Amino acid sequence: MIHSLFLVNASGDIFLEKHWKSVVSRSVCDYFFEALERATEPENVPPVIPTPHHFLINVLRHRIYFVAVIQSEVPPLFVIEFLHRVVDTFQDYFGVCSEAAIKDNVVVVYELLEEMLDNGFPLATESNILKELIKPPTILRTVVNTITGSTNVGEQLPTGQLSVVPWRRTGVKYTNNEAYFDVVEEIDAIIDKSGSTITAEIQGVIDACVKLTGMPDLTLSFMNPRLLDDVSFHPCVRFKRWEAERILSFIPPDGNFRLLSYHVSSQNLVAIPVYVKHNISFREGSSQGRFELTLGPKQTMGKAVESVLVSSQLPRGVLNANLSPSQGTYTFDPVTKLLSWDVGKINPQKLPSLKGSVSLQTGASKPDENPTINIQFKIQQLAISGLKVNRLDMYGEKYKPFKGIKYMTKAGKFQVRT
Amino acid sequence: VSAAPSAFSDEKGGSASEPEYGHDPASGGIFSSDYKRHDDLKEMLDSNKDSLKLEAMKRIVAMIARGKNASDLFPAVVKNVACKNIEVKKLVYVYLVRYAEEQQDLALLSISTFQRGLKDPNQLIRASALRVLSSIRVTIIVPIMMLAIKEAASDMSPYVRKTAAHAIPKLHSLDPEQKDQLIEVIEKLLADKTTLVAGSVVMAFEEVCPDRIDLIHKNYRKLCNLLIDVEEWGQVVIINMLTRYARTQFLNPNINESLLEENSEKAFYASDDEEEEDKKAEPATLAKRKPYVMDPDHRLLLRNTKPLLQSRNAAVVMAVAQLYFHLAPKAEVGIIAKALVRLMRSHSEVQYVVLQNVATMSIKRRGMFEPYLKSFYIRSTDPTQIKVLKLEVLTNLANETNISTILREFQTYIKSMDKDFVAASIQAIGRCATNIGEVRDTCLNGLVQLLSNRDELVVAESVVVIKKLLQMQPEQHSDIIKHMAKLIDNIQVPMARASILWLIGEYCEHVPKIAPDVLRKMAKSFTNEEDIVKLQIINLAAKLYLTNSKQSKLLTQYVLNLAKYDQNYDIRDRARFIRQLIVPTDKSGALSKYAKKLFLALKPAPVLESPFKDRDHFQLGSLSHLLNAKAAGYQELPNWPESAPDPSVRNVEIPDWSKCSSRKDRKEKKVEKPFYSDSEGESGPTESADSGNCESDSGSGSASASGSDESGSGSESEESGEETESDEEEEDEEEEKKKRKKLDKTKAKKQAEESAERCTIHTIHQISCIINFDQFDMNKITSVFSQTLAPSGSIKMYELLHRIKGEGLAVEYCFSRQPFSPEPNMVAVQIQFTNNTNSETKNLHIEDPRLQSGMRIREFAEIDVLAAGESVTVVMGIDFCDSTQAANFQLCTHTRKFFVSIQPPVGELMTPAFLTENDFKKEQGKLMGMNEILEKLTLGEKCVNEHVIVERVTATANLSRVPCGSDKECRFAGKTVSSGCLVLVTVTTKEGGGAQLTVNCEKMLIGTMLVKDILQALSQ
């Protein structure tokens, strides 16, 4: 299936290669570089590139291209999903997935890749099993290893691979038993010129951090499970139970994992927490344009809208922007024409605004395209869909765990057209 | 993290001799020093210290990772293959696999190490040895690999078997001549019942012999049922394979609809007269309709894949989606839309692939995605390739009702800064206009407005699209043609210029005054034009010459002369050809008479259709579909068969005894019951797949033989004192068995060359067979007896129906602990009916069992008459699937129906198993870790001696005692009835009334429940 993997950095250098079958010369990447050159933006490189003898499937994460070499028919999503899993694993192991981190830990990276694929077919991708095989590097362990010459490779054999619950290690022990669940919802919306909503939907995830001793069996139930329209589960969730009772019942993996991601049914009206008043105009023949932007809270259920960040790609004809924000700071990059305004918290009494003028290229005609405004924000302690966890119970173990649930709403792809 | 390097180097100060491996070892050095460097690596590898070796290996691996050649170190590295240090060993493996191909002779040195590893008692070491051995691409060891794979394929560890499955494609690519032998191994592994193996062996099947669809028949139902528990990557492979399989074995579920659909679709776009024809044809097609009945196996596949739409893995979701698209009845395909739309939230690469597939699907099944129209709206931050694909989907989804919203959306897209995207949007508008007549004029007007756009690309694209639209109805739009003629002065984009020229030439009759003038201008600029424009100028000239030769004769001559000396031979050729055709000369042939017909024939309007049309002949989700070209190794998706092939090929026969003994080598395979699918299984086809398991048959058979003995003796003795005696008797019996076993064991050792471990299990089975035959008759007799005998007092009775509730009919049941002879993996439930009324009760029977999936009931024969005051006892069998879920059913008399349910205590879900002390220890060793549950307890007051403990435990659970040397320990063994998993119980007593209970069982749930029950029994 997957023949080889090449890691290519932003400047187009191959800094790591791994082959699972016969060696494929790195010159195969020339086709990739060609495609890279042709693409105007880094993310416009086609994910699948056919070459005379191979197919290159690549993903771009953290400004690194992961280029897999394929020789015959394989579902492209299979490879793409796997490559993303590789990146997630690196991130899990090294904290960041950067070129420097990979180069510093090249041996661990190699050991991981060796375990994750056998002859190009995924073997162990579950982070729990991998961590049993290869211990993640920590500062302390690096120091100890250098002195004592001991190893990163797990001494005991990876029994997790044989288990019926491959996602959980045996013999987990904690002095403080705790289980935290974060319900994070993201609003994706397109708002049109006049402020009316063209499309809006809520996507949510429940991320968990479970540190429980032994083999606990958890159930999580919701006050209003009917809200969840479309769900996808971590493999640990018992599907039948959900189908029958709308209860999440599972033996959790140890540590951090994504329990559930969901989509809130589209029948429900989505509350839009912020509004934007804008006036962006360029006059014909003038080298100046007006730019005004005001933000305000809309349906926030009484919670504060925080970490607001506004960004907009201004037309190519714009030379510079001369604006004054009522709060926060703004930057304008004259090369990429990207305007971004870090607003911070919205104060309903004193609405933040950004006003001023933009200068255009003299002589050029007025740009006819309108910039779109992208907004990011966070609202703590609120799940905008109204989803509420009812209870969390633990079976199978005797101790009383500490349980915590946190709600948060964020902007996903939140765009205002002007 | 940033502190790490500094802390690291500080610490390192002390041990300066250690080289720093984290950094590039060779980067600093000039080329010549590489040799030296390698020399010290060799030195380090030769040293005695593991830390130095590790250091060296790490540096070497870093070199390999950067693509540097490290092959000259091969001899030094390969020496360390047997190193004790596990990390060194692993890194040596990495090196070996990378360079073995280049250093074939030296690589052979390492082979013996792996061969030794293949015999290791630890399954993980066996597996890893096989994995590395099979990864060494050296043709000379092919026979060794073949042997190793064959042996591993019948290993008792599923993990080793999985590794064997992985090794098959490796060997096949190394030496394709082994194919036939490998297919045999694949066939064997396909029959494996563990989820661990299923995905890997299907992957091997797909790589080695994807056309051997016949190998799948027998395993089809099992694969369907295991699917949900297979790891995600295996799921993808299995689903894709089953899609192909189903296409060859089942009938098209849409066979009737597709006929209908074709008609209606044709009618939709066709002109009126065609429609009439269709109407005539319709009765004929309707007459052809046959009632379609879906094969239950087809349904099984659809049902079992559906939950996987909820997978977190995009590849799995896509695999299920394509399966539904290709196999499901039209009405059911819709469910995949939601899941696919969900995937669009994922990474942009995933989006890209999903959108490609949605684009193809949305042509065939537009209605499916219509509710999600807004999810395909485009954001300015999407990458261009995603935008274009979304546009494609939106265009495919456009119809009369939503076209106005879509067009409004398109209008905002045209203002985007991304010009490629704008061009695509204009194309999309053009397509909407051609497909939906109502909006054609609106679209055309909108596009004409775009002609005054400042951006030339936008204008050019509009021209091209307008040209296509105008071709549909040129008469009404001469003003647009005039407008476009004016544009030729400003537009520079060749394609647009060519389009305008073609348009003027084609419709020169509508613009008789302008056309010659345009030609004049073009003649002037001819030499500077692009080739496609030049060709169109020649075309225009020719057409004008034919319609209006008075005004354009000279111009045409001039243009043709220019073209005659053009650099491009296409243009020279065209000029020569046209001159001959249109300019009448003496020599001009017969064709020139028809010149006008040739050039000014009525041309059909172009059909603007999606590039994704008909792409669904490729299996969706495949690489070939994405590229719209066949990739190497692509397996065609077969067309539905005309008539269904024989469905009975998928039936799995229930093996009989003779078969079992002939296939002993398969028996020791552990039956790993899937984690979640125990409630998942299907009745009907599944059941036969499950019960096709030799082991559980023989296991429960052996247990049943002596199990019946035990209860027989139990029922005779009413006092507990006597019962203990019978226990002792049993022990004697056990010892006898032990002796016999020993004999057999030695015999077996001589015969078989198998590993000792396997051998013992082997003999256990042999013995159990013997016992079974010996006591067969007796077994039969007891079971016959049990149907008439009233249950003995020592067995606990449960109430099924109270006398009052049952209006005089009282029903009690108990678990007789006797084997249920018709089906060995069912629990026998003895039911006693008592008629307390004054009249007869008739026709007692069971109806409407409502069971958890996978559970089965074997009803008792109907009781015709139960006279007043009498009672009768019957036995029924229930397969609880090793769960304590209740079996619900209705108990019916000739007048009434009663809802009742039977819930088994966990202890009744097992039958005794007979093990020797050694076997017990061995089996217990295999069930460590999560499968072991330890519990401390204080024994109840009455649990004074061993006998009481034994009594209590055996009363709680249907287990048999295992002999034990120590008097402080009591051991019990049993097997679950349904799946034959071992259940091992140990009670160790301590001073002062304390005790420790250990339960080992592969099924954790059973284990935990059993612990609770036994604890309760012992602490009373």
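Residues numbered from 1 in each chain as written. Chains lettered and ligands numbered in written order. Predicted model: local features only at pLDDT ≥ 70, side-chain atom pairs only at ≥ 80, totals over all residues. Heavy atoms only, no water.

Taking an unreviewed UniProt entry as the reference, chain B is identified by name as AP-3 complex subunit beta belonging to Cyprinus carpio.

Which entries qualify depends on this criterion: UniProt positions are given in the numbering used here, feature names are shortened, and annotations may be inferred rather than shown by experiment.
Under the annotation held in an unreviewed UniProt entry, chain A carries the name AP-3 complex subunit mu-2-like and is attributed to Cyprinus carpio. Taken from UniProt, the Sequence similarities (unreviewed entry) comment for chain A reads in full: "Belongs to the adaptor complexes medium subunit family."

### Considerations on the sheet that holds strand E6 (residues 863-866) of chain B
All names here are of chain B. Note the following rule: Should DSSP find at least two bridges between two strands, the strands are regarded as paired. Note on conventions: DSSP H or I runs of at least 4 residues are helices, E runs of at least 2 residues are strands, and numbering of each starts at the N terminus. Only the contacting stretch of a helix is used when fitting its axis, a line to C-alpha atoms as for every element, and angles between N-to-C directions run 0 to 180 degrees.
Read across the sheet, 4 strands follow the order E6-E4-E8-E9 without closing on themselves; strand pairing throughout is antiparallel. The open sheet terminates on both sides in strands that have one partner only, identified here as E6 and strand E9 (897-902). Between one strand axis and the next, the sheet turns by 35 degrees as a mean value, whatever way the strands run. Both strand E8 (residues 887-892) and E9 contribute to a ladder of 6 bridges, which runs antiparallel. Its bridge partner lying in E9, Gln 890 is registered against Phe 899.

### Focus on helix H43 (residues 917-926) of chain B
Going by this rule: Burial classification: accessible surface area is computed with a 1.4 Å probe over protein chains only, and a residue below 20% of its type maximum counts as buried, one above 50% as exposed, and the rest as partly exposed. What the arc measures is the spread of directions leading from the helix axis to the C-beta atoms.
Among the residues of H43 of chain B, those classed as buried are Asp 919, Phe 920, Glu 923 and Gln 924 of chain B. Buried residues of H43 of chain B, viewed axially, fall in a sector of 135 degrees; they line one side.

### A short note on helix H45 (residues 1004-1019) of chain B
Residue and element names in this part refer to chain B. Stated formally: Each residue after the first adds 1.5 Å to the expected span of a helix. Note on contacts: a residue pair qualifies if any of its non-hydrogen atoms lie within 4.5 Å across the two residues.
Taking 1.5 Å of rise per residue, the 16 residues of H45 would be expected to cover 22 Å, and the 22 Å separating its terminal C-alpha atoms lies within 8% of that figure. Here H45 has its buried residues at Met 1004, Ile 1006, Gly 1007, Leu 1010, Val 1011, Ile 1014, Leu 1015, Ala 1017 and Leu 1018. End-on, the buried residues of H45 take up no more than an arc of 165 degrees, which puts them together on one face. For H45, exposure combined with an orientation more than 90 degrees from the buried face picks out Leu 1005, Lys 1012 and Gln 1016. Tucked inside the fold, the buried residues of H45 contact strand E10 (910-912), strand E11 (932-938), helix H44 (946-956), strand E13 (969-976), strand E14 (982-989) and strand E15 (994-1001).

### Some remarks on the sheet that holds strand E4 (residues 55-61) of chain A
All names here are of chain A. Reading across the sheet, the 5 strands line up as E2-E1-E5-E4-E3 and stay open at both edges, with antiparallel pairing between neighbours. Each edge of the sheet is formed by a strand with only one pairing partner; in this case those strands are strand E2 (14-19) and strand E3 (48-50). Taken over all neighbouring pairs, the strand axes of this sheet differ in orientation by 20 degrees on average, direction set aside. Lying over the sheet, helix H2 (residues 76-94) contacts strand E1 (2-8), E3, E4 and strand E5 (64-70), oriented at roughly 40 degrees with respect to E4.

### What to know about the pattern of salt bridges
The line we're drawing: Any carboxyl oxygen of Asp or Glu within 4 Å of a side-chain nitrogen of Lys or Arg constitutes a salt bridge here.
Taken as a whole, this structure holds 60 salt bridges over all chains when the rule is applied. We note a salt bridge from Asp 230 of chain A to Arg 342 of chain B, for which the minimum N-O separation is 3.1 Å. In this pair, Asp 230 of chain A is assigned in strand E11 (residues 228-233) and Arg 342 of chain B in helix H20 (residues 335-343), connecting two distinct chains. Both residues of the pair, Asp 230 of chain A and Arg 342 of chain B, count as buried. We note a salt bridge from Lys 521 of chain B to Asp 489 of chain B, for which the minimum N-O separation is 3.2 Å. Of this pair, Lys 521 of chain B sits in helix H30 (residues 514-525) while Asp 489 of chain B sits in the loop between helix H28 (478-487) and helix H29 (494-506), and the two are 32 residues apart along the sequence. A single salt-bridge network, built from bridges that share partners, covers Glu 81, Arg 85 and Glu 126 of chain A together with Glu 232 and Arg 312 of chain B.

### Some details on the packing of aromatic side chains
What describes a pair of aromatic rings is the distance from one ring centre to the other and the angle between the planes of the rings. Applied cut-off: Note on aromatic contacts: the rings of Phe and Tyr and the six-membered ring of Trp form a pair at centre separations within 6.5 Å, being stacked when their planes are under 30 degrees apart, edge-to-face when over 60 apart, and tilted otherwise. Only when the NZ atom of a Lys or the CZ atom of an Arg is both within 6 Å of the ring centre and within 35 degrees of the ring normal do we say a charge sits over the ring.
Counting across every chain of the model gives 27 aromatic pairs over all chains. Where Phe 377 of chain A meets Phe 414 of chain A, the ring centres are 5.4 Å apart and the plane angle is 80 degrees; that geometry is what we call edge-to-face. You can see Phe 377 of chain A sitting in strand E21 (residues 372-380) and its partner Phe 414 of chain A sitting in strand E23 (residues 402-417), a full 37 residues away along the chain. Between Tyr 413 of chain B and Phe 421 of chain B the ring centres are 5.3 Å apart and the planes differ by 45 degrees, which places this aromatic pair in the tilted class. Residue class for Tyr 413 of chain B comes out buried when judged on its relative accessible area of 2%. Note on Phe 421 of chain B: relative accessible area 2%, which makes it buried. Among the aromatic residues, those joined into a ring-pair cluster are Phe 66, Phe 90, Tyr 93 and Phe 94 of chain A. The positively charged end of Lys 388 of chain A is found above the aromatic ring belonging to Tyr 407 of chain A, 5.2 Å away from the centroid.

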